[in-house]
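Examination of the molecular architecture
This is what each chain is made of:
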Amino acid sequence: MNDFAATAELGTQVWFTLTSSTVGFSQYRARNLVWAYDKWLVGDPQSSNIGYLVQDTGHHWGQIVRWEFGTLIVYSEGKGALFKEMELVTLTGSVALGTDPMISTSYSVDGLGWSQDRSIRVGTTGNTKKRLAWFQQGHMRNWRIQRFRGDSQAHLSFIRLEAQIEALLY
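This report concerns the structure included in the present document.

About the cut-offs
- Here the residue index of a chain counts from 1 through its sequence in written order.
- Predicted model: local features are reported for residues with pLDDT of at least 70 only, side-chain atom pairs are reported and counted for 80 or more only, and whole-chain, interface and lining totals are derived from all residues.
- With hydrogens and water stripped out, all remaining heavy atoms of the structure feed into the side-chain values.
- The pairing criterion is simple: DSSP has to find at least two bridges between the two strands.
- Numbered from the N terminus, helices here are DSSP runs of H or I no shorter than four residues, and strands are runs of E no shorter than two.
- To get an axis, a line is fitted to the C-alpha atoms, and for a helix only the part in contact is used. The angle between two axes follows their N-to-C directions and goes from 0 to 180 degrees.
- Note on aromatic contacts: the rings of Phe and Tyr and the six-membered ring of Trp form a pair at centre separations within 6.5 Å, being stacked when their planes are under 30 degrees apart, edge-to-face when over 60 apart, and tilted otherwise.
- Relative accessibility thresholds used throughout: buried, under 20% of the residue-type maximum; exposed, over 50%; partly exposed, between the two (1.4 Å probe, protein chains only).
- Salt bridge, as applied in this entry: a Lys or Arg side-chain nitrogen positioned within 4 Å of an Asp or Glu carboxyl oxygen.

1. Details of the sheet that holds strand β3 (residues 50-52)
- If you trace the three strands from one edge of the open sheet to the other, you get β1-β2-β3, paired in antiparallel fashion. Each end of this open sheet is capped by a strand with a single partner; those strands are β1 (31-36) and β3. Adjacent strand axes in the sheet meet at a mean angle of 30° when their direction is disregarded.

2. Considering the packing of aromatic side chains
- Per the stated rule, a full pass over the model turns up six aromatic pairs.
- Plain terms: the ring middles of W67 and F158 are 5.2 Å apart, the flat faces sit at 65° to each other, and that makes the pair edge-to-face. Pair noted here: W67 is in strand β4 (residues 66-70) and F158 is in strand β12 (residues 157-167), with a separation of 91 residues, a long-range link.
- The exposure class assigned to W67 is buried, which follows from its relative accessible area of 18%.

3. Focus: the environment of Y107
- With respect to the helices and strands, Y107 occurs in strand β7 (residues 102-108).
- Given a relative accessible area of 16%, Y107 falls into the buried group.
- With 26 residues separating them along the chain, Y107 and A133 place their C-alpha atoms 15 Å apart.

4. Comments concerning the pattern of salt bridges
- A complete count under the given rule lists eight salt bridges for this structure.
- Here R131 makes a salt bridge to E87, at a shortest N to O gap of 2.6 Å. Here R131 is found in the loop between β8 (118-121) and β9 (132-135), whereas its partner E87 is found in strand β6 (residues 81-91), with 44 residues between them in sequence.
- Among the charged side chains, a network of salt bridges with common partners joins R66, E68, D117 and R149.

Written out as structure tokens, the structure reads:
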């Protein structure tokens, strides 16, 4: 689904940024996708290589790349809240063989600054029962956004985010 279709479906602006880097932003190395021979063929803009997309890895041309996504704004009508626990419900166990990667989360209460990243391990290959939970995740006074980051070694499929939140009176 592209940005335009997602925006039309959800009725709100949706966008994403593609990069083939572990830090910062760089040229996205999967260009000119074409469906042929029952797979998506791609060209590498940095070489003359032609490759194809697979579902069992998120690497780009054999290189580790990062991923990042954020939540919609959590709003509590001007009242504060404590975030006691957050669980990212995901399909685990499909990480790069021989690795035990980490992912992190942080939050912003003003849209400019971010809390310190809190990292957890996502488990090893075949560990499909691993739960990804963070405890004592700070507060919000009025609103808050959450961000999650990792790399292609943590090959995960995200289902939902669950949060245990305690409302405050102010």
